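Architecture at a glance
The primary structure of each chain is shown beneath.
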Amino acid sequence: MPEKNIAVLISGSGTNLQALIDAVKSGRINGKIKIIISNNKEAYGLKRASNEGIKGFYLGNNSEENKEDEILLEILKKENIDLIVLAGYLKILSENIVDKYKNKIINIHPSLIPSFCGKNYYGIKVHQEAVDYGVKISGATTHFVDEKTDSGPIIMQKTVKVNYEDTAEILQKKVLKIEHEILVETVMLFCDDKIKVDGRKVKIK
Ligand code: GRF
């Protein structure tokens, strides 16, 4: 099976990105990270890209959404991208891109969707709300991206226990660890053509 060309979109430190880089290097993922795109110039993920000799691209904060779209689409086409991974990318992709890459965009979210997700649920807020609500378990979810926020078909979920004394920061650390696990596993399955989407339901072959 030919290896898949992957684009990873980030906004921040990129620990999920690093987990993917490591899994590609060790041969677990049958793919190649062709480009790392960030909407934040200072994102440490861009440094990770240059450390690894992977192309990095800063997608400036363009006020014209169409222009940004155009640039992004051009890159994806030029690099012959088969899979887009949103690994802590804090911008919403346009409907145009979501449409063109249907079931080819994967996002990682740090809660058990459909809890604590949707517009404005990112960063520590997700975990603070979970702790304040008093949930006994939380976790991480990988899903395909559709036109709404955190609403596409779920691919994989994994849970962590929430203890009475856990703060949002403690929970965030616990969840981040399993994010790395399920994101790598999800991308691995995708690159091995083992994910089948049937409406809202996803079958792992
Ligand atoms: C992760 O919690 C991810 O789920 C969320 O943003 C965070 C990014 O972390 N969408 P990192 O940049 O991969 O370290």
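Our structure's up above, just so we're on the same page.
Since the model is a prediction, treat every value here as computed from it, not as a measurement. (Residues numbered from 1 in each chain as written. Predicted model: local features only at pLDDT ≥ 70, side-chain atom pairs only at ≥ 80, totals over all residues. Heavy atoms only, no water.)

1. Some thoughts on the packing of aromatic side chains
All chains considered together, the criterion is met by 1 aromatic pair. Its guanidinium or amino end placed over the ring of Tyr121, Lys125 lies 5.0 Å from that ring's centre, counting from NZ or CZ. (Phe/Tyr/Trp six-rings, centres within 6.5 Å; stacked < 30°, edge-to-face > 60°. Lys NZ or Arg CZ within 6 Å of the ring centre and 35° of its normal.)

2. Some words on the layout of surface pockets
Gaps left between atoms are located by rolling a probe of water-molecule size over the structure's atoms. Each pocket or cavity is described by its volume, and for the largest pocket that value is around 870 Å³. Along its surface, the largest pocket is lined by 36 residues, and Gly88, Tyr89, Leu90, Tyr122 and Gly123 are the ones closest to its centre. Of the residues contributing to the lining of the largest pocket, the split by class is 13 nonpolar, 16 polar and 7 charged. (1 Å grid on protein atoms, 1.4 Å probe; cavity = no way out; pocket = protein on both sides within 12 Å on 5 of 7 lines; lining within 4 Å. Points joined across faces, edges and corners; volume = space filled by probe spheres on them. Nonpolar A, V, L, I, M, F, W, Y, C, P; charged D, E, K, R; others polar.)

3. Some points on the pairing of strand 9 (residues 201-204)
In this structure, strand 8 (residues 195-198) lies alongside strand 9, joined through 4 bridges in antiparallel fashion. Looking at the pairing, Lys196 lines up with Lys203 of strand 9. Hairpin connection of strand 8 to strand 9: 2 residues between the antiparallel strands, including Gly199 at a positive phi of 65°. (Pairing = 2+ DSSP bridges. Helix = DSSP H or I, 4+ residues; strand = E, 2+ residues; numbered from the N terminus.)

4. Structural notes on the sheet that holds strand 7 (residues 154-161)
In spatial order, the strands read 3-2-1-4-5-6-7; together these 7 strands make up an open sheet with mixed pairing. With one partner strand each, in any of the chains shown, strand 3 (55-58) and strand 7 form the two edges of the open sheet. When strand polarity is set aside, the average angle formed by the axes of neighbouring strands in this sheet is 20°. As paired elements, strand 1 (residues 4-10) and strand 2 (residues 31-38) share 7 bridges and run parallel to each other. Directly across from Asn5, in strand 2, lies its bridge partner Lys32. Contacts from helix 1 (residues 15-25) reach strand 1, strand 2, strand 4 (83-86) and strand 5 (105-109), with the element oriented near 160° to strand 2. (Axes fitted to C-alpha atoms, helices over the stretch in contact; angles between N-to-C directions. Contact = heavy atoms within 4.5 Å.)

5. As for the packing of helix 5 (residues 124-133) against helix 6 (residues 168-191)
If you want to describe how two helices pack, look at the angle between their axes and the distance between the axes. Following both chains from N to C, one finds helix 5 and helix 6 inclined at 115°, their axes separated by 8 Å at the closest point. As summarised for this structure, helix 5 and helix 6 are arranged roughly perpendicular, according to the angle between their axes. Between helix 5 and helix 6 lies a crossing of right-handed hand. Listed contacts from helix 6 to Ile124, His127, Gln128, Ala130 and Val131 of helix 5 are Ala168, Glu169, Leu171, Gln172 and Val175. (Parallel < 35°, antiparallel > 145°, perpendicular 65-115°, else oblique. Left-handed = near helix turned anticlockwise from the far one by under 90°.)

6. A word on unusual backbone geometry
A cis geometry characterises the amide bond from Ile113 onward to Pro114, with omega recorded as 15°. A positive phi angle, close to 50°, is found at Phe116, a residue other than glycine. Among the structural elements, Phe116 can be located in the loop between strand 5 and helix 5. A relative accessible area of 16% places Phe116 in the buried class. (Buried < 20%, exposed > 50% of the residue type's maximum accessible area, 1.4 Å probe, protein only.)

7. Observations concerning the environment of Tyr44
Inspection of the secondary structure puts Tyr44 in helix 2 (residues 44-52). We classify Tyr44 as partly exposed; its relative accessible area is 42%. With 32 residues separating them along the chain, Tyr44 and Gly12 place their C-alpha atoms 6.0 Å apart. What Tyr44 contacts, discounting residues up to four positions off in sequence, is Gly12, Ser13 and Asn51.

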